[in-house]
Amino acid sequence: MTTLANPTAARDHARAMAGTVVEAMRVLPPIADDLPHGVSADDLVWEETIAAGGYATRRLPRGARLRLIDLKGDACASLLIFNAEMPTERLNVADTVKVQWNAYLGTGKLLLSDMGRVLMSFLEDDAGTHDTFCGTSNAATNAVKYGDGSNSGPAPNGRDRFLLGAAKHGLQRRDVHPCVNLFKGARIDGDGSIVPQIGPFAPMRSLVLRAEMEIIVVIANCPHVLDPRENWTVTPLRATAWRGPVTPADDAIRIATPEGLRAFENVEDYFRR
């Protein structure tokens, strides 16, 4: 502390940290050695490992692919999505479930906005445990379970992490909307009770989402709100994104259902300006 109290020494110490690599960090410029076949390194736009209890946010172009990897089998990717051009349009979990007649996300499913448009679609998913019912934790729920749910405490919560990510785009508390949880699931039992699917699971499960509009994503990596474990437990999450082509008219996901097709047509109409 004495050394760092000296501004010159503090500067030298900070500069000496250049090139340091830690478990969770954003890679600048983005570099990844495991991009899918045919994807150029020049198309990579985001590479980041999100810490346990951390958050991340990124603006992605239309057609971009976002791959999330649960590195150690205990991540919980709570996800918000906004139309980057008009953030008042955002993910609507109720419509995502209602329009598709299905509450369980996976390959071929869509994430819909409150204006009837597709924000993202699931291209690949080998996890199969996702949640459209429960939302994320907040300071009060975490305080009850862990003793302290504040951003600066040992058990940060998803909602406050969302607030930090949304603020980077000029958004406020009122803009933090209901989310979906990826990698931690919830299913409805025959008697109507919610059955959480918490794991831990096998490491390296992954999914790939396709951006159907220009979007802002905010990801919080905090324990699921129904995690029954006594200790606050979550592990790092990797996010990689690259540019890709806009969904063509004959895309299998686009034409899979009449409801989905209508949502894609709403997107195409939006860009027909």
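Below or above, wherever it landed, is the structure these notes cover.

Conventions we followed
Numbering of residues starts from 1 in each chain and follows the order in which that chain's sequence is written. Per-residue local features are limited, in this predicted model, to residues with pLDDT of at least 70; the limit for side-chain atom pairs, both in listing and counting, is 80 or more; totals at the level of whole chains, interfaces and linings are taken over all residues. Note: side-chain values were computed over all heavy atoms of the structure, leaving out hydrogens and water. The residues that make up patches have over 30% relative accessible area and no salt bridge, and they are joined within 9 Å when like-charged or within 5 Å when they are Val, Leu, Ile, Met, Phe, Trp or Tyr. The protein chains shown are the only cover counted for residues, whose accessible areas, like all others here, come from Shrake-Rupley with a 1.4 Å probe. For this document, the term salt bridge refers to a Lys or Arg side-chain nitrogen within 4 Å of an Asp or Glu carboxyl oxygen. Here a helix means four or more residues in a row that DSSP labels H or I, a strand means two or more in a row labelled E, and each is numbered from the N terminus. Relative accessibility thresholds used throughout: buried, under 20% of the residue-type maximum; exposed, over 50%; partly exposed, between the two (1.4 Å probe, protein chains only). Here, a strand pair is defined by DSSP locating no fewer than two bridges between the strands. Orientation is described by axes fitted as lines to C-alpha atoms, over the contacting stretch for helices, and by angles from 0 to 180 degrees between their N-to-C directions. For this analysis, a ring pair means two rings from Phe, Tyr or Trp (six-membered ring only for Trp) whose centres lie within 6.5 Å, classed as stacked if their planes differ by under 30 degrees, edge-to-face if by over 60, and tilted for the remaining angles. Two conditions define a charge located above a ring, namely a distance within 6 Å from the ring centre to NZ of Lys or CZ of Arg, and an angle within 35 degrees of the ring normal. We define the nonpolar core as a collection of buried residues of types Ala, Val, Leu, Ile, Met, Phe, Trp, Tyr and Cys that are connected through side-chain atoms lying within 4.5 Å of one another. Only heavy atoms matter for contacts: two residues are in contact if any of them lie within 4.5 Å across the pair. Pairs of N or O atoms are called polar contacts if they sit within 3.5 Å, as long as, within protein, a hydrogen donor faces a hydrogen acceptor (for residues adjacent in sequence, only side-chain-to-side-chain pairs).

This part is about a nonpolar patch on the surface. Residues Phe-133, Ile-188, Ile-194 and Leu-226 make up a contiguous nonpolar surface patch of about 300 Å² in total accessible area. Assignment of secondary structure puts Leu-226 in the loop between strand S12 (215-221) and strand S13 (237-242). Among the residues examined, Leu-226 registers a relative accessible area of 34% and is labelled partly exposed.

Glancing now at the sheet that holds S13. Sheet architecture is open: 6 strands sit in the order S1-S13-S3-S11-S6-S5, paired in antiparallel fashion. Pairing within the sheet leaves two strands with one partner each, and these edge strands are strand S1 (44-50) and strand S5 (110-112). Within this sheet the neighbouring strands show an average axis-to-axis angle of 20°, counted without direction. In the sheet, strand S3 (residues 65-70) pairs with strand S11 (residues 205-211) via 6 bridges, with the strands oriented antiparallel. Each residue of the ladder has a partner; that of Ile-69, found in S11, is Ser-206.

Let us now look at the packing of aromatic side chains. Evaluation of the coordinates by the stated rule reveals 2 aromatic pairs. A centroid spacing of 6.1 Å and a plane angle of 70° characterise the contact between Tyr-104 and Phe-133, whose relative ring orientation is edge-to-face. Residue Tyr-104 is located in the loop between helix H2 (93-100) and S5, and its partner Phe-133 is located in the loop between strand S7 (130-131) and helix H3 (139-146); the two are separated by 29 residues in the primary sequence. Taking the relative accessible area as the measure of exposure, Phe-133 reaches 34% and is therefore partly exposed. The aromatic ring of Phe-271 is capped on one face by Arg-62, whose charged end is 4.1 Å from the ring centroid. A cation over an aromatic ring shows up here: Arg-205 above the ring of Phe-201, its NZ or CZ 4.0 Å from the ring centre.

This paragraph deals with the sheet that holds S7. With antiparallel pairing, the 5 strands of this open sheet are ordered in space as S2-S12-S4-S8-S7. This sheet does not close on itself; its edge strands, each paired only once, are strand S2 (55-60) and S7. In terms of strand pairing, strand S4 (residues 77-83) meets S12 through 7 bridges, oriented antiparallel. Across the sheet, the residue bridging to Phe-82 is Ile-216, located in S12.

Quick look at the nonpolar core now. Within soluble globular proteins, side chains that are nonpolar generally end up buried alongside one another. Within the largest apolar cluster, 41 residues are counted, with the highest numbers of intra-cluster contacts made by Trp-46, Leu-68, Met-120 and Leu-182. Apart from the residues within four sequence positions on either side, Leu-182 is in contact with Leu-68, Ala-75, Cys-76, Ala-77, Leu-79, Leu-105, Phe-122, Thr-129, His-130, Leu-207 and Leu-209.

Of all the 8 residues making up strand S6 (residues 118-125), 6 are buried; the element is thus mostly covered by neighbouring parts of the structure. As paired strands, S5 and S6 are joined by 3 bridges and run antiparallel to one another. Note on S6: the bridge partner recorded for Leu-111 is Met-120. Turn length for the S5-S6 hairpin, with the two strands adjacent in sequence and antiparallel, is 5 residues, and the turn residue Gly-116 shows positive phi of about 75°. Pairing geometry for S6 and S11, over 5 bridges, is antiparallel. Note that in S11 the partner of Met-120 across the bridge is Ala-211.

All right, on to the environment of Val-118 then. As for its position among the elements, Val-118 is in strand S6. Overall, Val-118 belongs to the buried group, its relative accessible area being 0%.

Looking at H2, one finds that the buried residues are Val-93, Asp-95, Thr-96 and Gln-100. On its buried face, H2 sits against S5 and strand S8 (180-182). Near the N-terminus of H2, the side chain that reaches the backbone nitrogen of Ala-94, with its oxygen 3.1 Å away, is that of Asn-92. At the C-terminal side of H2, Trp-101 shows a positive phi close to 55°.

Another aspect to go through is H3. In an α-helix, one turn spans 3.6 residues, which is why side chains three or four residues apart end up on the same side. For H3, the N-terminal cap is Asn-138; the gap from its side-chain oxygen to the backbone nitrogen of Ala-140 is 3.0 Å. Positive phi appears at Gly-147, one or two residues downstream of H3, with a value of about 95°.

Once that is clear, we can look at the pairing of strand S10 (residues 194-197). Inspection of the sheet shows strand S9 (residues 185-188) paired to S10 by 4 bridges, in the antiparallel sense. Of the residues in S10, the one forming a bridge with Ala-186 is Pro-196.

Turning next to the side chain of Thr-57. Structurally, Thr-57 is set in strand S2. The exposure class assigned to Thr-57 is buried, which follows from its relative accessible area of 10%. Separated by 2.7 Å, the side chains of Thr-57 and His-169 make a polar contact. Reaching out from Thr-57, the side chain makes a polar contact with the backbone oxygen of Val-217 at a distance of 2.8 Å. Residues within four places of Thr-57 in sequence aside, it is in contact with Arg-26, Trp-46, Gly-165, Lys-168, His-169, Ile-216, Val-217 and Val-218.

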